[in-house]
Protein chains: 2
Amino acid sequence: MEREIQPGPRRGLLMIHTGDGKGKTTAALGLLFRALGRNFKVIMLQFLKSKKHIYGEHLLAEKLGVEIQPLGDGFSWESKNIETDKSLARECWNTCRNVIESGKYDLVILDELTYPINYGWLPLEDVISVLKKRDSNMHVVITGRNAPQPLMEIADLVSDVHAVKHPLKSGIRAQIGIEM
Amino acid sequence: MEREIQPGPRRGLLMIHTGDGKGKTTAALGLLFRALGRNFKVIMLQFLKSKKHIYGEHLLAEKLGVEIQPLGDGFSWESKNIETDKSLARECWNTCRNVIESGKYDLVILDELTYPINYGWLPLEDVISVLKKRDSNMHVVITGRNAPQPLMEIADLVSDVHAVKHPLKSGIRAQIGIEM
């Protein structure tokens, strides 16, 4: 049943994992796992995680010397002031832009990037402009619910993850090593 | 925006990643990444991969001493003889059963298990019976298209991955480090 896959010429893909189900960030972590096996230089920048909360992936990443970088350090995205939110979102995005423009990475994961865009904190045009100008060999993964249509239009892959059944809804609490 | 998640008491989850989109096996690899960070003992048994074809995940797994084990070695699932197919599928399943019944693992991934079930090579009742009797702390992930309904009924999590856009359909060939 398995056919031998022949790789094509290198071409940086823009991949989006969206939808309401579990597995968007996790699938990005899986890509990171595969890419590391190919000695890719990889980085994951996380918009909604703060450095206060350590997940399993941070522990392994540290052991492996892989950059998984929470951007939400020192603020909670819960400001009552929209201008403060915008300025913080822009600060986080600047970090992402510097990483992309450095051209140093084979795979850049922008985890939960859709949220600051959808909340109106980050202009979609700026994001699209930086993505379009990136090194043609650079793969980028964006995760988060409700990916904006113009972002999906310039993507090479869009996977929509739908929650058919979710343990939290059955009253099963988060499991170490699975959710965190 | 991020809330601190408090973990609940340990309880082995049955998780299913199904659907026609990319990200089912990759999300399972991501769980493996996270679980490794928690020093979980993990194994991935792959029904449709053969040892002839090395993917990025196999290369990293070897470096890390993690078991990602293709079961399809030495046969192609393309026999003209249904009895041969059944006997091979049962041999693969016996490996899975031994792994589950050993109780030695925190996380067992049965990659692409839905295919031999859906082709009628493997009785679903046997699979369900082994899963139900497993150690109550053991997490299991099953991936593959068209997960059978009775399997989804006993699962704690079902995520359906839908392909909204796929690079192969735009004529972009497989990328090393991404698809393989």
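Scroll up to find the structure.
First things first, this report covers the structure right here in the doc. As the structure is a computational prediction, the values presented were derived from the model and not from experiment.

## Quick look at the interface of chain B and chain A
Frequently, the measure chosen for interface size is the accessible area that the parts lose on association.
Right, on to step 1. Listed as interface residues are 77 residues of chain B and, on the opposing side, 77 residues of chain A.
Right, on to step 2. Surface buried jointly by chain B and chain A totals about 7000 Å² across both partners, of which 60% is contributed by carbon and sulfur atoms.
Right, on to step 3. Put simply, R34 of chain B and E57 of chain A hold a salt bridge, and the shortest N to O gap is 2.6 Å.
Right, on to step 4. Where chain B touches chain A, the interface holds 32 residue pairs in polar contact (both at pLDDT 80 or more).
Right, on to step 5. At the level of secondary structure, the elements contributing two or more residues to the side of chain B that touches chain A comprise α1 (24–37), α2 (56–64), α6 (149–153) and β6 (157–165) of chain B.
Right, on to step 6. Residue classes in the side of chain B that touches chain A are distributed as 40 nonpolar, 19 polar and 18 charged.

## Thoughts on α1 of chain B
Residues and elements named next belong to chain B.
Right, on to step 1. Along its 14 residues, α1 runs 20 Å from first to last C-alpha, staying within 8% of the 20 Å computed at 1.5 Å per residue.
Right, on to step 2. Here α1 lies mainly inside the structure; 14 of its 14 residues are buried.
Right, on to step 3. Residue N39 follows α1 closely and has a positive phi angle near 60°.

## Description of the environment of E57 of chain B
Right, on to step 1. Topologically, E57 of chain B is positioned in helix α2.
Right, on to step 2. In the structure, E57 of chain B is positioned 31 residues away from T26 of chain B in sequence and 9.5 Å away in space, judged by C-alpha atoms.
Right, on to step 3. In contact with E57 of chain B, other than residues within four places in its own chain, are F33 and R34 of chain A together with L29, Q46, K49 and I68 of chain B.
Right, on to step 4. In terms of polar contacts, E57 of chain B uses its side chain to reach the side chain of R34 of chain A, at 2.6 Å.

## Focus: the relation of the copies chain B and chain A
Right, on to step 1. Taken as rigid bodies, chain B and chain A are interconverted by a rotation of 180° and an axial shift of 0.0 Å, the fit giving an RMSD of 0.0 Å. Expressed as a symmetry operation, the mapping of one chain copy onto the other fits a two-fold axis.
Right, on to step 2. When the interface residues of chain B are mapped onto chain A, 100% of them are again interface residues, pointing to one common binding face.

## Quick word on the pattern of salt bridges
Residues and elements named next belong to chain A.
Right, on to step 1. With the rule as written, the count across this model stands at 10 salt bridges over all chains.
Right, on to step 2. We note a salt bridge from E67 to K41, for which the minimum N-O separation is 3.7 Å. With E67 in strand β3 (residues 67–70) and K41 in the loop between α1 (24–37) and β2 (42–46), this pair connects stretches of sequence that are 26 residues apart.
Right, on to step 3. Take E67: its relative accessible area is 31%, and that puts it in the partly exposed class.
Right, on to step 4. Classification of K41 by relative accessible area gives partly exposed; the value is 39%.

## A look at the packing of helix α3 (residues 82–102) of chain A against helix α5 (residues 124–132) of chain A
Residues and elements named next belong to chain A.
Right, on to step 1. Where α3 contacts α5, the axes come no closer than 10 Å and their chain directions differ by 10°. Here α3 lies roughly parallel to α5, going by the angle between them. Within the contact between the two elements, α3 uses R90, W93, R97, I100 and E101 and α5 uses D126, V127, V130 and L131.
Right, on to step 2. Taken together, the residues of the contact of α3 with α5 sort by class into five nonpolar, no polar and four charged.

Scoring rules and cut-offs
Residues numbered from 1 in each chain as written. Chains lettered and ligands numbered in written order. Predicted model: local features only at pLDDT ≥ 70, side-chain atom pairs only at ≥ 80, totals over all residues. Heavy atoms only, no water. Contact = heavy atoms within 4.5 Å. Buried area = accessible area lost by both parts, 1.4 Å probe. Salt bridge = Lys/Arg side-chain N within 4 Å of Asp/Glu carboxyl O. Polar contact = N/O pair within 3.5 Å; in protein donor to acceptor, adjacent residues only side chain to side chain. Helix = DSSP H or I, 4+ residues; strand = E, 2+ residues; numbered from the N terminus. Nonpolar A, V, L, I, M, F, W, Y, C, P; charged D, E, K, R; others polar. Expected span 1.5 Å × (residues − 1). Buried < 20%, exposed > 50% of the residue type's maximum accessible area, 1.4 Å probe, protein only. Least-squares fit on C-alpha atoms with pLDDT ≥ 70 in both. Axes fitted to C-alpha atoms, helices over the stretch in contact; angles between N-to-C directions. Parallel < 35°, antiparallel > 145°, perpendicular 65-115°, else oblique.

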